[in-house]
Number of protein chains: 2
Amino acid sequence: MVKQERAARTRETLIRSAAEVFGREGFSKASLTAISSLAGVSSGALHFHFESKAALADVVEAEALARLLALTRTEPAAGASRVQLLVDVTHRLADELRGDVVLRTGFALGGEPSRPARIGLREHWRCWVEKELERAEAQGELRTEVRAQDVVATVVAATVGLERLGVREAMWLSAATVSRVWRLLLPAVAPAALLADLQAGGTSPP
Amino acid sequence: MVKQERAARTRETLIRSAAEVFGREGFSKASLTAISSLAGVSSGALHFHFESKAALADVVEAEALARLLALTRTEPAAGASRVQLLVDVTHRLADELRGDVVLRTGFALGGEPSRPARIGLREHWRCWVEKELERAEAQGELRTEVRAQDVVATVVAATVGLERLGVREAMWLSAATVSRVWRLLLPAVAPAALLADLQAGGTSPP
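Everything quoted here is computed from the prediction, not taken from an experiment.

## Some thoughts on the overall build of chain A
Scanning chain A for helices and strands turns up ten helices and zero strands. Along its sequence from the N terminus, chain A presents helices and strands in the succession α-α-α-α-α-α-α-α-α-α. Across the 206 residues of chain A, 47% fall into the buried class. Taking contacts inside chain A between residues at least 6 apart in sequence as the whole, the part at least 24 apart equals 68%. As displayed, chain A offers around 9500 Å² of accessible surface, 54% of which is attributable to carbon and sulfur atoms.

Here you go:
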């Protein structure tokens, strides 16, 4: 049992170290030696857990997807605002992207030209935003003259942009920057009657 | 003279081939052999023009920056709308990103973790958007309750997002998608009195 726990901890350390090295050097340039040395384990131990660099990158991406799914799985109380949920989850995503190297690198790996395209984090994010905005529209939370697909395109583009810009300048993932975007978007998205209740800076989960 | 022209043409072919290979495989994985073979020249000819892969990537980025500068150098007629100029240049940028592999790869190279950070295309784009929105504000083209910095953050994030998403799905760089974003943003950015004259789909240069 102790042995299993130790193995699980080593595996987790390796995933985090791989995310750091992939994030810093890119997938192609990253070496397994750099990863095992950052993790403080032998290369034999690395190979016990992961058979190749590609397998390790797949696991980083899967782990990041699990964290993104945890964020988007939030269910608001019945009747609560779907637009506010979108604002809140965007804030939480930006916050976790700043602090969580596995999530950050998971997004970056999806854009690496040297890896095959697959259903990645961006694709999941796009689908979730789309679904939430359809629900918002069904609840009457979008201005009648606004097309939901325009909001989807803008929110997806802006959040992917913040994620990319944040790789080199964390300021783009700050609560202040995310609030700037929503402060501009909310009056364009939501009917005037709902605006007073919407917080561009996000609300805390209950 | 004929010899010089031929050399200039070879150099240009090498830059375009390098942009294609860097774009497809990423900077680290791209090989000089793949580049010279795509260009249809010997590796000796490649080395005559460029001393290393890093030098070639620098030239691709510089060439892409020159193209971006040509786009942002557009000066509208005196008194013409700065907001409309921003919309128009965004459309032209998206259109050129779809068609021009050098411009597309120039943006991508700026985000490659394995290359040193420098003043790249994104930084130039951010500065230009900021300057144009300051001019728009000075001309009374922003709604009084809107903060120019909120518009800067949103427009920069959204355009960088479209650029990134467009690498794998050209649809994100289509006129339809760019128009979606501006259709949502314009009413949030410009005073009601100006809205009728602004075209989210862009206007043709005179």
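Anyway, onward from the coordinates.
## A short note on the interface of chain A and chain B
Interface size is commonly expressed as the accessible surface area that is lost when the partners come together. Each partner contributes to the interface: chain A provides 41 residues, whereas chain B provides 42 residues. Roughly 3300 Å² of surface becomes buried between chain A and chain B when both sides are summed, with 63% attributable to carbon and sulfur atoms. Where chain A packs against chain B, one counts four salt bridges. The shortest N-O distance in the salt bridge between Asp150(B) and Arg180(A) comes to 2.8 Å. Taken together, chain A and chain B are joined by eight residue pairs in polar contact (both at pLDDT 80 or more). For the side of chain A that touches chain B, the leading source of residues is helix H8 (residues 148-168) of chain A, giving 14 residues. Residue composition of the side of chain A that touches chain B, by class: 17 nonpolar, nine polar and 15 charged.

## With respect to helix H7 (residues 121-138) of chain B
With 18 residues, H7(B) should reach 26 Å at 1.5 Å per residue; the first-to-last C-alpha distance of 26 Å fits that figure. Within H7(B), the full set of buried residues consists of Leu121(B), Arg122(B), Trp125(B), Trp128(B), Val129(B), Glu130(B), Glu132(B), Leu133(B) and Ala136(B). Where the residues of H7(B) are buried, they touch H8 of chain A together with helix H4 (53-72), helix H5 (82-99), helix H6 (101-110) and helix H8 (148-168) of chain B. Count one or two residues on from H7(B) and you reach Gly140(B), which has phi positive near 75 degrees.

## Looking at the relation of the copies chain A and chain B
At an RMSD of 0.0 Å, chain A and chain B line up after a rotation of 180 degrees and a shift of 0.0 Å along the axis. One copy is carried onto the other by what is essentially a two-fold rotation axis. The share of interface residues of chain A whose copies in chain B are also at the interface is 100%, consistent with both copies meeting through the same surface.

## Some words on the side chain of Glu130(B)
Residue and element names in this part refer to chain B. The residue Glu 130 is located in helix H7 in this model. On the accessibility criterion, Glu 130 (18% relative accessible area) is buried. Within the structure, the side chain of Glu 130 is placed 2.9 Å from the side chain of Arg 126, a separation counted as a polar contact. Apart from residues lying up to four places away in sequence, Glu 130 is in contact with Gln 149 and Val 152.

## Focus on the nonpolar core
Core analysis: the biggest nonpolar cluster contains 128 residues, and Phe22(A), Trp182(A), Phe22(B) and Trp182(B) have the highest contact counts within it. Sequence-distant contacts of Trp182(A), that is, excluding residues within four places in its chain, are made with Leu86(A), Val87(A), Thr90(A), Val155(A), Pro187(A) and Ala200(A).

## Here we look at H8(A)
Between the first and last C-alpha of H8(A) there are 31 Å, a value that for 21 residues agrees with the 30 Å anticipated at 1.5 Å per step. With 18 of its 21 residues buried, H8(A) lies for the most part within the structure.

## Quick word on the packing of helix H9 (residues 175-189) of chain A against helix H9 (residues 175-189) of chain B
Orientation of H9(A) relative to H9(B), taken along the N-to-C sense of each, is 100 degrees, at an axis distance of 9 Å. Between H9(A) and H9(B), the angle is such that the two are roughly perpendicular. Contacts between H9(A) and H9(B) involve Leu184(A), Leu185(A), Ala188(A) and Val189(A) from the first element and Leu184(B), Leu185(B), Ala188(B) and Val189(B) from the second. Residues belonging to the contact of H9(A) with H9(B) are distributed by class as follows: eight nonpolar, no polar and no charged.

## Digging into the layout of surface pockets
Approximately 500 Å³ is the volume attributed to the second largest pocket. Taken together, 22 residues make up the lining of the second largest pocket; nearest its centre are Leu184(A), Pro187(A), Ala188(A), Pro187(B) and Ala188(B). Broken down by secondary-structure element, the contributors of at least two residues to the lining of the second largest pocket are H9 of chain A together with H9 of chain B. In terms of residue class, the lining of the second largest pocket is made up of twelve nonpolar, no polar and ten charged.

## Topic: the pattern of salt bridges
Applying the stated rule across the entire model yields 28 salt bridges over all chains. Arg183(B) is the salt-bridge partner of Asp150(A), the closest N and O atoms lying 2.7 Å from each other. With Asp150(A) in helix H8 and Arg183(B) in helix H9, this residue pair bridges two chains. Counted as one network, the salt bridges with shared partners bring together Glu75(A), Arg82(A), Glu132(A) and Arg135(A).

## Some thoughts on the packing of H7(B) against H8(B)
All names here are of chain B. Packing of H7 against H8 brings their axes to within 9 Å, and their N-to-C directions diverge by 145 degrees. Like other packed secondary-structure pairs, H7 and H8 cross with a definite hand, here right-handed. Where H7 approaches H8, its residues Arg 122, Trp 125, Arg 126, Val 129, Glu 130, Leu 133 and Glu 137 are matched on the opposing element by Ala 148, Gln 149, Val 151, Val 152, Val 155, Val 156, Thr 159, Val 160, Glu 163 and Arg 164. Residue composition of the contact of H7 with H8, grouped by class: nine nonpolar, two polar and six charged.

## As for the environment of Thr154(A)
Within the secondary structure, Thr154(A) is located in helix H8. Judged by its relative accessible area of 0%, Thr154(A) is buried. Sequence-wise, Thr154(A) and Arg118(A) are 36 residues apart; in three dimensions their C-alpha atoms are separated by 23 Å. When sequence neighbours within four positions are dropped, the list of residues in contact with Thr154(A) reads Leu185(A), Arg180(B), Val181(B), Leu184(B) and Leu185(B).

About the cut-offs
Numbering of residues begins from 1 in every chain and follows the order in which that chain's sequence is written. Following the order in which they are written, the chains are lettered starting with A and the ligands numbered starting with 1. Only residues with pLDDT of at least 70 get local features here, since the model is predicted, and only at 80 or more are side-chain atom pairs given and counted; chain-wide, interface and lining totals rely on the full set of residues. Think of the side-chain values as coming from all heavy atoms in the structure, minus any hydrogens and water. Only runs of H or I of at least four residues qualify as helices and only runs of E of at least two qualify as strands under DSSP, and these elements are numbered from the N terminus. When accessible area is computed with a 1.4 Å probe and restricted to protein chains, residues below 20% of their type maximum are described as buried, those above 50% as exposed, and intermediate ones as partly exposed. A contact between two residues is defined here by any heavy atoms of the two lying within 4.5 Å. Note on areas: these come from Shrake-Rupley sampling with a 1.4 Å probe, and a residue is covered only by the protein chains present in the view. Buried area, as used here, totals the accessible surface that two parts lose on assembly, with accessibility defined by a 1.4 Å probe and the loss added over both. For salt bridges, the criterion is a side-chain nitrogen of Lys or Arg within 4 Å of an Asp or Glu carboxyl oxygen. Here a polar contact means two N or O atoms within 3.5 Å. Within protein one must be a hydrogen donor candidate and the other an acceptor candidate, and residues neighboring in sequence count only if both atoms are side-chain atoms. Note on residue categories: nonpolar means Ala, Val, Leu, Ile, Met, Phe, Trp, Tyr, Cys or Pro, charged means Asp, Glu, Lys or Arg, and polar means any other residue, Gly included. Take the residue count of a helix, subtract one, and multiply by 1.5 Å to get its expected span. Only residues with pLDDT of at least 70 in both copies count here: their C-alpha atoms drive the least-squares fit that superposes the copies. We call a set of buried Ala, Val, Leu, Ile, Met, Phe, Trp, Tyr and Cys residues a nonpolar core when their side-chain atoms join them within 4.5 Å. Between N-to-C directions, angles span 0 to 180 degrees; the directions come from axes that are lines fitted to C-alpha atoms, helices contributing only their stretch in contact. To sort the angles, those under 35 degrees are grouped as roughly parallel, those over 145 as roughly antiparallel, those from 65 to 115 as roughly perpendicular, and the leftovers as oblique. Definitions used for this entry: grid spacing 1 Å over protein atoms alone; cavity, a set of points where a 1.4 Å probe fits but cannot get out; pocket, an open set with protein on both sides within 12 Å along at least 5 of 7 lines; lining residue, one with an atom within 4 Å of a point. Grid points are joined across faces, edges and corners, and a volume is the space filled by probe spheres set on the points. By convention, the crossing between two helices is left-handed when the near helix turns anticlockwise from the far helix through less than a right angle, and right-handed when the turn is clockwise.

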